[in-house]
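# An overview of the molecular structure
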Amino acid sequence: MEKTRIAVLVSGRGSNLQALIDACRDPAYPAQIVLVLSNIPDAYGLTRAREAGIDTAIVDHRDHATRDAFDAAMHQVLLVHDVEFICLAGFMRILTPGFTQAWAGKMINIHPSLLPKFKGLRTHQAALDAGESEHGCTIHWVTAELDSGAVIAQAHVPILANDTADTLATRVLAEENKLYPATLEQLLTRKE
Ligand code: GRF
């Protein structure tokens, strides 16, 4: 089976990356992770990648004077690895229109809210503050506007009476870790 060559971009702990790594171990899974790229040199996601024998790259945004230069450096690394599809998984940099256009229809992100509700950061506290009865996560296409590309899939969780941002985040993350590999599989299978 021809597997799609994907890169996962991370800035932190990489639990969604781990879920994708685990899914890709199945010979029938339609993707292989050929690169894990991070802007943070000591991101734990890089350790997870190395432990799985996956190539890693660090493109530190602090080494680049502009967002365009940073994105151009990432783009080069992605091309060198023959990347066909990008999964953002806790990647904490805003991407330029040039980069999002170059990867249009080939780049997805996971966001911890039921978009279009609660774009940006601190989504769990925002959902609690808004008095929501449910919350969740969204996989969406990445476009130039932050957290605004077309929704591909969502998972819902209830908000419980005693929830804090942390307990809610834990419940949502468990869903994220299932939704990401399942959605990527559906997308890539549909394409073939
Ligand atoms: C997740 O909540 C994801 O939705 C958000 O950043 C967090 C990354 O978590 N974009 P992890 O690094 O995958 O564990």
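We now turn to the structure provided with this report. This is a predicted model, so every value here is computed, not measured.

For the rest of this paragraph, the subject is the overall build of the protein chain. Scanning the protein chain from N- to C-terminus turns up 6 helices and 7 strands. In sequence order, the protein chain lays out its α and β elements as β-α-β-α-β-α-β-α-β-α-β-β-α. The C-alpha atoms of the protein chain give 16 Å as radius of gyration, which agrees with the globular expectation for 192 residues (16 Å, within 12%). Overall size of the protein chain, expressed as C-alpha extent along the three principal axes, is 50 × 40 × 30 Å.

Taken together, Arg13, Gly14, Ser15, Asn16, Gly90, Ile110, His111, Pro112 and Glu176 make up all the residues around the ligand. In this structure, a nitrogen atom belonging to the ligand sits 3.0 Å away from a main-chain N or O atom of isoleucine 110. Between the ligand and glutamate 176 there is a distance of 2.7 Å, counted from an oxygen atom to a side-chain nitrogen or oxygen. Burial of the ligand by the surrounding chains reaches 86%, relative to a free accessible area of 370 Å².

What follows deals with helix H2 (residues 44-51). All of the buried residues along H2 are Gly45, Leu46, Arg48 and Ala49. On an axial view of H2, the arc spanned by its buried residues comes to 160°, and they lie on one face. Among the structural elements, strand E1 (4-10), helix H1 (15-24), strand E2 (31-38) and strand E3 (56-58) are those in contact with the buried residues of H2. Looking at the residues trailing H2, positive phi occurs at glycine 53, about 75°.

For the rest of this paragraph, the subject is the layout of surface pockets. Quantified by volume, the largest pocket comes out at close to 890 Å³. Taken together, 36 residues form the lining of the largest pocket, with Gly90, Phe91, Met92, Ile110 and Pro112 sitting closest to its centre. Secondary structure elements with two or more residues in the lining of the largest pocket: H1, strand E5 (107-111), helix H5 (123-129) and helix H6 (165-191). Tallying contributions element by element places H6 first for the lining of the largest pocket, with 4 residues.

The next point concerns the packing of aromatic side chains. Inspection of every chain in the model, using the stated rule, returns 1 aromatic pair. Sitting over the face of the ring of phenylalanine 70, arginine 93 holds its NZ or CZ atom 6.0 Å from the ring centroid.

As a further point, take the pairing of E1. Consecutive side chains along a regular strand alternate between the two faces of the sheet. A large share of E1 lies buried, amounting to 6 of its 7 residues. Viewed along the sheet, the connection from E1 through H1 into E2 turns out right-handed. Bridging between E1 and strand E4 (residues 85-88) involves 4 bridges; their strand directions are parallel. Across the sheet, residue valine 8 finds its bridge partner in E4, namely cysteine 87.

Cut-offs applied
- Residues numbered from 1 in each chain as written.
- Predicted model: local features only at pLDDT ≥ 70, side-chain atom pairs only at ≥ 80, totals over all residues.
- Heavy atoms only, no water.
- Helix = DSSP H or I, 4+ residues; strand = E, 2+ residues; numbered from the N terminus.
- Rg over C-alpha atoms; globule rule 2.2 N^0.38 Å.
- Near = heavy atom within 4 Å.
- Polar contact = N/O pair within 3.5 Å; in protein donor to acceptor, adjacent residues only side chain to side chain.
- Areas by Shrake-Rupley, 256 points an atom, 1.4 Å probe, with all protein chains shown as cover.
- Buried < 20%, exposed > 50% of the residue type's maximum accessible area, 1.4 Å probe, protein only.
- Arc of directions from axis to C-beta.
- Contact = heavy atoms within 4.5 Å.
- 1 Å grid on protein atoms, 1.4 Å probe; cavity = no way out; pocket = protein on both sides within 12 Å on 5 of 7 lines; lining within 4 Å.
- Points joined across faces, edges and corners; volume = space filled by probe spheres on them.
- Phe/Tyr/Trp six-rings, centres within 6.5 Å; stacked < 30°, edge-to-face > 60°.
- Lys NZ or Arg CZ within 6 Å of the ring centre and 35° of its normal.
- Right-handed = clockwise from strand over helix to strand, strands pointing away.
- Pairing = 2+ DSSP bridges.

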